[in-house]
Amino acid sequence: KGASQSEQADLPEGSEQMFLLSEGLSDTLKEDMAWASYVLLRNTKAIAVLICIQGELCVRGYWNTPKNLSKAQVVEWFKGEIENIGLVDLKDTLYFPQITEFGLWGMLPRGSRSLMVEPVMQTRELSANETDRTIGFILLASSSGYAFSDKDRAWIRAITNKFKGLPVPG
C-alpha cells in the first residue's frame, strides 16, 4: 500500500525523472536494487532514491543532473558527486527533516525539503580490532518537510538489511 494522493510529495520542476543502474551488476543485485528503489518511492514521500552498494549505483526518481549526458555518463557523474560529498564511509544515519536551502548537494532534486541517508553496514565475522564495514548507503530525498516518520525511518533501515549479506571484496 503506497502513500495516498494527499500524502505524496510534490514533484519537482526542472528535475529529470530517471531510472539508471550501473553496468555490469549481477542479476541478483540489479533485481534487489530495482525492487528496493521502487518500494521506497512507492511507500514513502520520497521523490528520489539513490542506492550505492560496493560502488555500484541504482538511481531512481527525480534528480538534478547535467543535461546532454549519456546514461553511462550520468552514472559516472553521480559517482563523482558521491565522492565529493563524502558519503562512502558513512557510519550513522543522516536525517535532515527540514532543508531550508536548495543546494545542500547539487545532485538533489530542486525543491528538496527532507533528506535521509541510511548506511549499509557489512556484518561478518570480525577480528578483535575490526569493526563493521560500510559497503554503501541508501539516500532518499523528498519535496516535503519532515517527510520520513519514525516508522518510515525504521522501515528504510529494514530495507538496507537486504544488502547486508553481500560478499565484500578484500
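Thresholds applied
- Residues numbered from 1 in each chain as written.
- Predicted model: local features only at pLDDT ≥ 70, side-chain atom pairs only at ≥ 80, totals over all residues.
- Heavy atoms only, no water.
- Helix = DSSP H or I, 4+ residues; strand = E, 2+ residues; numbered from the N terminus.
- Contact = heavy atoms within 4.5 Å.
- Expected span 1.5 Å × (residues − 1).
- Core = buried A, V, L, I, M, F, W, Y, C linked by side-chain atoms within 4.5 Å.
- Buried < 20%, exposed > 50% of the residue type's maximum accessible area, 1.4 Å probe, protein only.
- Phe/Tyr/Trp six-rings, centres within 6.5 Å; stacked < 30°, edge-to-face > 60°.
- Lys NZ or Arg CZ within 6 Å of the ring centre and 35° of its normal.
- Salt bridge = Lys/Arg side-chain N within 4 Å of Asp/Glu carboxyl O.

**Q** Would you mind showing me how to read the environment of Asp32 here?
**A** Inspection of the secondary structure assignment puts Asp32 in helix α1 (residues 27-43). Residues Asp32 and Phe163 lie 131 residues apart in sequence; the distance between their C-alpha atoms is 8.1 Å. Look past the residues within four positions of Asp32 in its chain and what remains in contact with it is Lys162 and Phe163.

**Q** Would you mind showing me how to read helix α2 (residues 71-85) here?
**A** Given 3.6 residues per helical turn, the α-helix brings residues three or four places apart onto the same face. The end-to-end C-alpha separation of α2 is 21 Å, in line with the 21 Å expected for 15 residues at 1.5 Å each. Buried residues in α2 make contact with β1 (16-21), β2 (48-53), β3 (56-63) and β6 (133-142). Gly86 lies just past α2 and shows a positive phi near 90 degrees.

**Q** Is there a simple way to explain the nonpolar core in this structure?
**A** Soluble globular proteins: nonpolar side chains tend toward being buried together. Judged by nonpolar contacts, the single largest core of 24 residues is most densely connected at Leu50, Trp63, Phe78 and Leu139. Elements with a contribution of two residues or more to this core: β1, β2, β3, α2, β5 (114-122) and β6. Here the element with the most residues in this core is α2; it accounts for 4 residues. Contacts of Phe78, omitting those with residues within four sequence positions, involve Met18, Leu50, Leu57, Val59, Trp63, Thr65 and Met107. If you look at the next biggest cluster of nonpolar residues, it comprises 22 residues, including Val39, Ile53, Ile156 and Leu166.

**Q** Is there a simple way to explain the packing of aromatic side chains in this structure?
**A** Centre-to-centre distance and the angle between the planes together describe a pair of aromatic rings. Under the criterion given, the structure shown has 3 aromatic pairs. Among the aromatic residues, ring-to-ring pairing joins Trp63, Trp77 and Phe78 into one connected group. Over the ring of Phe19 we find Arg60; its NZ or CZ atom is 4.0 Å from the centre of that ring. Here the basic side chain of Lys162 rests over the ring of Trp35, its NZ or CZ set 5.7 Å away from the ring centre.

**Q** Help me understand the pattern of salt bridges in this model?
**A** Pairing between side chains becomes possible if they bear opposite charge and their charged atoms approach one another. Scanning the model with the defined rule gives 3 salt bridges in all. Note that Arg153 is salt-bridged to Asp150, the shortest N-O span being 2.3 Å. Taken together, the residues span about one helical turn, with Arg153 and Asp150 both in helix α3 (residues 150-160) at a distance of 3 residues. With a relative accessible area of 18%, Arg153 lands in the buried category.

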